[in-house]
Amino acid sequence: MRAFSKVWVLMVVVALVLAACGGRSQNQGQSSPSPSPSPTSTPQQTQGTQSPQPSQPSYPTKAIEVYVPAAPGGGTDVTARIATEYLKEVMGVNFAIINETGGGGALAMEAVRTAAPDGYKILYYHEAMHTAKATNKVQYDATSLTPLGVTASQNQTYLVSAKSPWQTLDDFVQHAKNNPGKLEVGVQLGGTTQFMAGMLEVAAGIDLDILEAGTESERVAALLGGQFDMIIGGVQTAKQYGESGDFRALAVLGGERDPMIPDVPTAKEQGYDVEFGLTFTFFGPKGLPQEVLDVWENALKQINENPDYIEAISQQGNPIYMTQKETEEFVYRMMNSVFETAKALGY
C-alpha cells in the first residue's frame with residue numbers, strides 16, 4: 001500500500017513538471033503582442049486627418065497657339081496681341097501668335113478646325129470668315145468651329161490719299177459716275193473689304209474696279225505708293241495716317257461716328273446705305289470640353305474688368321465682352337446677315 005502511494009505521488013510530480021515545461025514552450029513560441037500604436041503615429045491616419053487640397057484645373061497647362069489670318073501690324077494682329085498679353089496674366093500660360101495669311105484665312109481656319117479639341121489651337125478672326133465662305137474662298141463656315149468670346153469691334157473707313165481731289169464721299173462718287181470702271185479700289189478679295197466696296201457700288205449706283213491688294217498693312221503700303229484710288233481700312237489706320245497727313249477718310253462704315261475720328265461722317269450720314277464693321281473673335285475647334293469654354297469665358301471677363309486692358313484695346317476699337325453663348329449667337333447671326341448681303345451683291 002505504501003509502495004503504491006509513493007508511486008502515485010511520483011507520477012503526480014512528473015505530471016506537474018511536464019505541464020510546467022509545456023507551458024513555457026508555448027509562451028516562448030508566441031511573440032508578445034506589440035503595443036497598439038498611437039492613432040496619430042501611422043502615415044495613413046495622419047494623411048487622413050489633413051484638409052483636402054483644392055483640385056488644380058487641367059486646362060491650360062501649356063502654351064496656347066493663336067492663329068491670326070492677318071499680317072503683323074493690322075487691326076486684327078494688334079488686337080490679338082493686346083488681348084493675349086492680358087490673357088496670359090489671367091490664364092497663367094504663354095500665347096504664341098501665328099500670322100497665317102495663306103488662302104485669305106483658309107489655312108488658319110483649317111489649322112484650328114482640324115485641331116484636337118483640347119483648347120491649345122485657337123483662331124482669332126472676324127466677319128471675313130463669313131465673306132470668305134460666301135465667295136467660296138473657304139469650304140467651311142463658322143458652324144464648323146466653336147465661338148469662345150470677343151475682344152472688340154472696329155469700324156472701317158473709305159480711305160483716299162490726302163493728295164487726291166476728293167474731300168467727301170460725294171466727290172468720289174461723282175468722279176466714279178463720270179468715269180465708270182476707272183477708279184481702282186484695293187481690297188482683299190473674298191474678304192470683308194470686297195463686300196464694303198461692292199456695297200458702295202450698289203448704294204451709289206457706280207462701277208468701280210475692285211482689285212486684290214492684300215491685307216490691311218499691304219493695302220496701306222499700296223495707297224502710300226499711289227497704286228490705288230481708294231482702300232478700306234480700320235479707324236485706327238484712318239486716325240494714324242490722317243494725323244500724319246498721308247490719308248483722308250471719306251466715311252466711317254458704322255451706324256454712328258466713331259469716337260476715334262469724330263469729325264469723319266458715316267456713309268449713311270452722306271446718303272449711302274453702307275454699314276459693315278468687324279468684331280474680333282476667338283474660336284476653337286468643335287467638341288471643346290465645357291471646362292475649356294468656362295476658362296475662356298471667365299478669363300475674357302476678367303481682362304474686361306482690367307482698366308489697363310480697356311485703355312489698350314480702346315486704341316484699336318471698341319471693347320466688348322460677351323459670354324460664350326452670346327458670342328455663339330452673335331457669330332451665327334452675323335454669318336446669316338453676310339450671306340444675305342452676298343446674295344444682294346450677286347455672289
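Let me sum up the structure you'll find in this document. Remember, predicted model here, so these are calculated numbers, not experimental data.

Looking only at helices and strands, the chain has 12 helices and 11 strands in total. Put simply, the chain has 347 residues, and 46% of those count as buried.

Across the 5 residues that make up strand E1 (residues 64-68), a large majority, 4, are buried. Sheet analysis places E1 next to strand E2 (residues 95-99), joined by 5 bridges and oriented parallel. Bridged to Tyr67 within E2 is Ile98. Taken together, E1, helix H3 (residues 75-91) and E2 form a β-α-β motif whose crossover is right-handed. Across 3 bridges, the pairing between E1 and strand E3 (residues 121-125) is parallel. Across the sheet, the residue bridging to Glu65 is Lys121, located in E3.

Looking now at the sheet that holds strand E4 (residues 145-154). Strand order across the open sheet formed by 6 strands is E2-E1-E3-E10-E4-E11, with mixed pairing between neighbours. The sheet terminates laterally at E2 and strand E11 (318-319), the two strands that pair on one side only.

Attention now moves to the environment of Glu297. Along the chain, the position of Glu297 falls in helix H10 (residues 290-304). For the pair Glu297 and Thr323, spaced 26 residues apart in sequence, the C-alpha separation works out to 6.0 Å. Leaving out residues up to four positions away in the same chain, Glu297 has contacts with Tyr321, Thr323 and Gln324.

Read across the sheet, 5 strands follow the order E7-E6-E8-E5-E9 without closing on themselves; strand pairing throughout is mixed. At either end of the open sheet lies a strand with only one pairing partner, and these are strand E7 (209-212) and strand E9 (247-252). Neighbouring strand axes in the sheet, compared pairwise and without regard to direction, differ in orientation by 35 degrees on average. Against the sheet, helix H7 (residues 192-204) touches strand E5 (156-161), strand E6 (184-187), E7 and strand E8 (230-234), its axis set at about 150 degrees to E6. Each of E5, E8 and E9 is contacted by helix H9 (residues 235-243), which is oriented at about 110 degrees to E8, the strand it contacts most.

This brings us to the packing of aromatic side chains. By the definition in use, this model includes 10 aromatic pairs. For the ring pair Phe195 and Tyr347, a centre distance of 5.2 Å and an interplane angle of 20 degrees mean the geometry is stacked. Taken together, the positions of Phe195 in helix H7 and Tyr347 in the segment after helix H12 (324-344) put the pair 152 residues apart, joining distant regions of the chain. Look at Tyr347 and you get partly exposed, because its relative accessible area is 40%. Arranged with centres 4.9 Å apart and planes meeting at 50 degrees, the rings of Phe282 and Trp296 form a pair that is tilted.

The subject of this paragraph is the pattern of salt bridges. Tallying each qualifying case throughout the model produces 10 salt bridges. The salt bridge partner of Asp273 is Lys268, with a shortest N-O separation of 3.7 Å. Judged by relative accessible area, which is 55%, Asp273 ranks as exposed. Notably, a salt bridge pairs Lys268 with Glu275, separated by 2.9 Å at the nearest N-O pair. Residue classification places Lys268 among the partly exposed positions, given a relative accessible area of 40%.

As for its position among the elements, Lys268 is in the loop between E9 and strand E10 (278-285). Sequence separation of Lys268 and Leu253 is 15 residues, and the distance between their C-alpha atoms is 7.9 Å. Discounting chain neighbours no more than four positions away, the residues touching Lys268 are Asp273, Val274 and Glu275.

This part takes up helix H4 (residues 106-113). Within the span of H4, buried status applies to Ala108, Met109, Ala111 and Val112. Around the axis of H4, the buried residues are gathered within 160 degrees of arc, so they sit on the same side. In the core, the buried residues of H4 are packed alongside E1, E3, helix H5 (128-134), E4 and E10.

Attention now moves to the pairing of E5. Burial analysis of E5 places 6 of its 6 residues in the buried class, which makes it a mostly covered element. Strand direction decides the pairing type here: E5 and E8, joined by 4 bridges, are antiparallel. Among the inter-strand pairings, Gln156 is bridged to a residue of E8, identified as Gly234. Summarising the sheet, E5 and E9 pair through 5 bridges and their orientation is antiparallel. Paired with Val160 across the bridge in E9 is Arg248.

You can see Thr79 is positioned in helix H3. Looking at Thr79, the relative accessible area reads 0%, which means it is buried. Leaving out residues up to four positions away in the same chain, Thr79 has contacts with Tyr124, Phe280, Ile313 and Gln316.

What follows is about the side chain of Asp77. By the secondary structure assignment, Asp77 is in helix H3. Looking at Asp77, its side chain comes within polar contact range of the main-chain nitrogen of Gly73, at 3.0 Å. A polar contact is formed between the side chain of Asp77 and the side chain of Arg81, at a distance of 2.9 Å. Apart from residues no more than four positions distant in its own chain, Asp77 is found in contact with Val68, Ala71, Pro72, Ile97 and Asn99.

Criteria and cut-off values
- Residues numbered from 1 in each chain as written.
- Predicted model: local features only at pLDDT ≥ 70, side-chain atom pairs only at ≥ 80, totals over all residues.
- Heavy atoms only, no water.
- Helix = DSSP H or I, 4+ residues; strand = E, 2+ residues; numbered from the N terminus.
- Buried < 20%, exposed > 50% of the residue type's maximum accessible area, 1.4 Å probe, protein only.
- Pairing = 2+ DSSP bridges.
- Right-handed = clockwise from strand over helix to strand, strands pointing away.
- Contact = heavy atoms within 4.5 Å.
- Axes fitted to C-alpha atoms, helices over the stretch in contact; angles between N-to-C directions.
- Phe/Tyr/Trp six-rings, centres within 6.5 Å; stacked < 30°, edge-to-face > 60°.
- Salt bridge = Lys/Arg side-chain N within 4 Å of Asp/Glu carboxyl O.
- Arc of directions from axis to C-beta.
- Polar contact = N/O pair within 3.5 Å; in protein donor to acceptor, adjacent residues only side chain to side chain.

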